[in-house]
Amino acid sequence: MPVLPGAEPFRHEGGEVGVLLCHGFTGSPQSLRPWAEYLSGHGLTVSLPLLPGHGTRWQDMQVTGWQDWYAEVDRELRVLGERCAQVFVAGLSMGGALALRLAAKHGDAVSGVVVVNPANKVHGLSAYALPVARHLVRTTKGIASDIAREDSAELGYDRVPLHSAHSLRTFFRLVDGELPQVTQPLLLLRSPQDHVVPPADSARILGRVSSVDVTEILLEQSYHVATLDHDADRIFEESLAFIGRIAPSVGKEGTAAGG
C-alpha cells in the first residue's frame, strides 16, 4: 500500500548533534513533522521514521507488533550514532515509550530524552479483555486527532487493530520495568487536558526513571497531540533549549550548520 500523503518519513542532514523523533500509535510522522522541521532549521541532524504498519491503512498495522516498531527506531538510532557526536531521542505518546526504551537500552549513546504526553499503560477494563477480544473483534474506534486547535488535524487511523493494541500493552509493561535504567537528562511535557493518555502515565514515568536532571512542563492549551496544537511552538523551543544546554555546540554558527 502507498504511504498516505503527509505520512512520509522525514530526514535532514545537519550538524554533529542528532535527534530521533518517534511518532505515536496509529499515527504517522505528520504529527511530528513541524517539530522535525523546526529542529532541522536550527542546524540539527533529524530523523523521523515511519513505523511499520503505520501511515497506510489499519489492515497493514494489524500484522505488526511492538518488536517491529522498536526495531525501526533502534536502527535509526544506530545510524544517527554513526553520523553524529551526540544523539537525543524524543517522542509523542507511544513514541515517548519508544524513546524511553532507547535511552534505557543504549545508555551513553543517548545524550537526553524529550517526551510529549508519553504513554505508559493501556487503561480501562478493555485492556484486560484484549488477549481474548483480539481474536473476536478486529478493531475498535480510533484515538487520532485529540487536538484543541480547530484548524489542526492528525493524520492517523480511524480504527485501532486489537492485535496491535495487545502488543502495545505488552510493550508498555516491558518499558515500565526498564524505566529505572533511564539515567539521561529528561524533559517531559504534558497536557493536563489529554483525552488519550491520563496524567498517571507521566507521574509513573517521572517516579520510576533514575534521571537526576528532570524537567516537567505543563501544556495548558493543548490536548494529546500537543505537537500540532496551541503549545506546539513551546514544545519546539523548550526542546531546542534543552538540547542546547546538554550539547552546547547547538546554535553556534558553523558547528550547528555542519561546518
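- The name an unreviewed UniProt entry assigns to the protein chain is Alpha/beta hydrolase, from the organism Streptomyces andamanensis.

**Things to note about the packing of aromatic side chains**
And step 1. As enumerated under the stated definition, the model contains five aromatic pairs in all.
And step 2. With a centroid separation of 5.4 Å and 25 degrees between ring planes, the pair formed by Trp66 and Phe171 is classed as stacked. Highlighted residues: Trp66 in helix H3 (residues 66-83) and Phe171 in helix H6 (residues 162-178), separated in sequence by 105 residues. This pair shows no difference in class: Trp66 is buried, exactly as Phe171 is.
And step 3. A ring pair is formed by Phe171 and Phe172, whose centres lie 6.5 Å apart and whose planes are at 40 degrees; its orientation type is tilted.
And step 4. Taking relative accessible area as the criterion, Phe172 reaches 4% and is therefore assigned buried.
And step 5. The cationic tip of Arg101 hangs over the ring face of Tyr70; the distance from NZ or CZ to the ring centre is 4.6 Å.

**Points about the sheet that holds strand E5 (residues 112-116)**
And step 1. With mixed pairing, seven strands are arranged side by side in an open sheet as E1-E3-E2-E4-E5-E8-E9. Edge positions in the sheet fall to strand E1 (10-12) and strand E9 (214-218), since each of these pairs with one other strand and no more. Going across the sheet, the axis of each strand differs from the next one's by a mean of 15 degrees, ignoring polarity.
And step 2. In this sheet, strand E4 (residues 86-92) lies alongside strand E2 (residues 17-22) in parallel orientation, the contact comprising six bridges. Following the sheet pairing, Val19 is matched in E4 by Phe88.

**Some words on the pairing of E9**
And step 1. Relative to E9, strand E8 (residues 186-190) is paired through five bridges, and the arrangement is parallel. For Arg190, the partnering residue across the bridge sits in E9 and is Leu218.
And step 2. In terms of handedness, the path from E8 via helix H7 (residues 199-208) over to E9 forms a crossover that is right-handed.

**A short note on the pattern of salt bridges**
And step 1. Considering all chains together, one arrives at 15 salt bridges under this definition.
And step 2. Taking the shortest distance from any N to any O, the salt bridge between Asp151 and Arg149 comes out at 2.8 Å.
And step 3. Taking relative accessible area as the criterion, Asp151 reaches 61% and is therefore assigned exposed.
And step 4. In this structure Arg149 comes out as partly exposed when scored by relative accessible area, which is 29%.
And step 5. For the salt bridge of Arg245 with Asp213, the shortest nitrogen-to-oxygen distance reads 2.8 Å. Taken as a pair, Arg245 in helix H8 (residues 232-246) and Asp213 in the loop between H7 and E9 lie far apart in primary sequence, 32 residues in all.
And step 6. The class for Asp213 is partly exposed, based on a relative accessible area of 26%.
And step 7. One salt-bridge network, held together by shared partners, links Arg11, Glu72, Arg75 and Glu76.

Reading the values: the criteria
- Residues take numbers from 1 onward in each chain, read along the sequence in its written order.
- Only residues with pLDDT of at least 70 are given local features in this predicted model, and only at 80 or more are side-chain atom pairs given and counted; all residues enter the totals for whole chains, interfaces and linings.
- Each side-chain value is worked out from all heavy atoms of the structure, with water and hydrogens disregarded.
- Stacked, edge-to-face and tilted are the three classes for Phe, Tyr and Trp ring pairs, Trp counted by its six-membered ring, which pair at centre distances within 6.5 Å; planes under 30 degrees apart are stacked, over 60 edge-to-face, the rest tilted.
- Going along the chain from the N terminus, every DSSP run of H or I of four or more residues is numbered as a helix, and every run of E of two or more is numbered as a strand.
- Three labels apply to residues, based on accessible area from a 1.4 Å probe with only protein chains included: buried if under 20% of the type maximum, exposed if over 50%, partly exposed otherwise in between.
- Over a ring means this: the NZ of a Lys or the CZ of an Arg is within 6 Å of the ring centre and within 35 degrees of the ring normal.
- At least two bridges found by DSSP between two strands is the condition for calling them paired.
- Note on definitions: angles span 0 to 180 degrees between N-to-C directions of axes, and those axes are lines fitted to C-alpha atoms, for helices only across the stretch in contact.
- With its strands directed away from the observer, a crossover is right-handed exactly when the path from the first strand over the helix to the second travels clockwise.
- Criterion for a salt bridge: a side-chain nitrogen of Lys or Arg within 4 Å of a carboxyl oxygen of Asp or Glu.

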